[in-house]
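Observations on chain architecture
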Amino acid sequence: MAAVQKLQKCAVSPAGKHTASVIFLHGSGDTGRGLRAWVRDVTEPDLSFNHIRIIYPTAPARTLTLILMPSGPYTPMRGALSTVWFDRHKISRDCPEDRESIDDMCNSLGLIIQGEVNAGIPKHRIVIGGFSMGGAMALHLACRYHPDVAGVFALSSFLNKDSAAYQAVEGRLGADLPLPELLQCHGTKDDLVLHQWGEDTSELLKKAGMATTFHSFPGLHHQLSTPEMELLRGWILTKIPPLTSS
């Protein structure tokens, strides 16, 4: 197991008192700042809240078998470095997960979650989510390591067929333990992470015992969109609403 890494991050502070947090994970080859800029570009008004801090971590550079190129397809890079959350040998639901790299990153991201807890934010006031590979990473975090968070979202994402996340959900259901609610969004024209893969992930998690909601966005490719961000904003507010004064 690799040493736990302290990850770089940027954050959008709340306009008022900080009482909840969102951790939003970028896709393959991106950065926290890159995702932050993309969200700002497609969201009107900006994705910000009076009471929620939004944290955009950056994955460490990793030597990867495959990385996502700007043009779309995964291309062998012969050991090139890319900012990714875990290793994968090909983009396919059928290949095994690289559990070691996934678990190492869950431990590193756990430091960010603990930092919010140390700042006075209980885990039931934290939402974890991500785009593409970031969504898969968020599912591992929420299903396996931090199932007491307020919710998890995955945008244009999928899990492998034999994912450890499914097993973790089944185990918690069998022990009558609570699970976070999942929001998934996926474009019907996504030709990198197929829409069907997202639907299959949702159905398998639901079958395992998780409460899931899946939204299809007609004509959307492997990208964020304004309607998707508006739906996400509303969902976040249902999971971590402003605290009412007693």
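Up top you'll find the structure we're talking about.
Presented here is an overview of the structure given in this document. (Residues numbered from 1 in each chain as written. Predicted model: local features only at pLDDT ≥ 70, side-chain atom pairs only at ≥ 80, totals over all residues. Heavy atoms only, no water.)

**Some details on helix α5 (residues 195-208)**
Put simply, the rule is: A run of DSSP states H or I qualifies as a helix once it reaches four residues; a run of E qualifies as a strand once it reaches two. Both are numbered from the N-terminal end. In this scheme, a helix's expected span is set at 1.5 Å multiplied by one less than its residue total. For each residue, the accessible area found with a 1.4 Å probe, counting protein chains only, is set against the maximum for its type, and the residue is called buried under 20%, exposed over 50%, and partly exposed in between. Note on definitions: a residue-residue contact is assigned when non-hydrogen atoms from the two residues lie within 4.5 Å.
For α5, spanning 14 residues, the distance from its first C-alpha to its last is 20 Å, which sits close to the expected 20 Å at 1.5 Å a residue. Within α5, the full set of buried residues consists of His195, Trp197, Gly198, Thr201, Ser202, Leu205 and Ala208. Close packing links the buried residues of α5 with α3 (133-145), α4 (164-174), β10 (181-187) and β11 (212-217). With its phi angle positive at about 125 degrees, Gly209 sits one or two positions after the end of α5.

**Quick look at the nonpolar core**
Just so we agree on the cut-off: Side-chain atoms within 4.5 Å are what join buried Ala, Val, Leu, Ile, Met, Phe, Trp, Tyr and Cys residues into a set we call a nonpolar core.
By size, the foremost hydrophobic cluster in this structure holds 36 residues, and its most contacted members are Leu25, Trp85, Leu109, Met137 and Leu205. Taken together, the elements giving at least two residues each to this core come down to β2 (20-25), α2 (99-118), β8 (126-131), α3, β9 (151-155), α4 and α5. With eight residues, α3 is the largest single contributor of residues to this core. Other than its neighbours up to four places away in sequence, Leu205 contacts Leu139, Cys143, Leu159, Tyr166, Val169, Leu182, Met210 and Thr212. Core analysis: the second largest hydrophobic core is formed by 28 residues, Cys10, Val39, Ile52 and Phe131 among them.

**Considerations on the pattern of salt bridges**
Just so we agree on the cut-off: By salt bridge we mean one thing: a side-chain nitrogen of Lys or Arg within 4 Å of a carboxyl oxygen of Asp or Glu.
One pass over the full model with this rule turns up eight salt bridges. In this structure, the salt-bridge partner of Arg144 is Asp103, at a minimum N-O distance of 2.8 Å. Linking Arg144 in helix α3 with Asp103 in helix α2, this pair joins segments that are 41 residues apart in sequence. On the basis of relative accessibility, which here comes to 17%, the residue Asp103 falls in the buried class. Here Glu181 and Lys239 are joined by a salt bridge, their closest N and O atoms 2.7 Å apart. On the criterion of sequence distance, the pair formed by Glu181 in strand β10 and Lys239 in helix α6 (residues 226-239) is long-range, its members being 58 residues apart. According to the relative accessible area criterion, Glu181 is partly exposed, its value standing at 26%.

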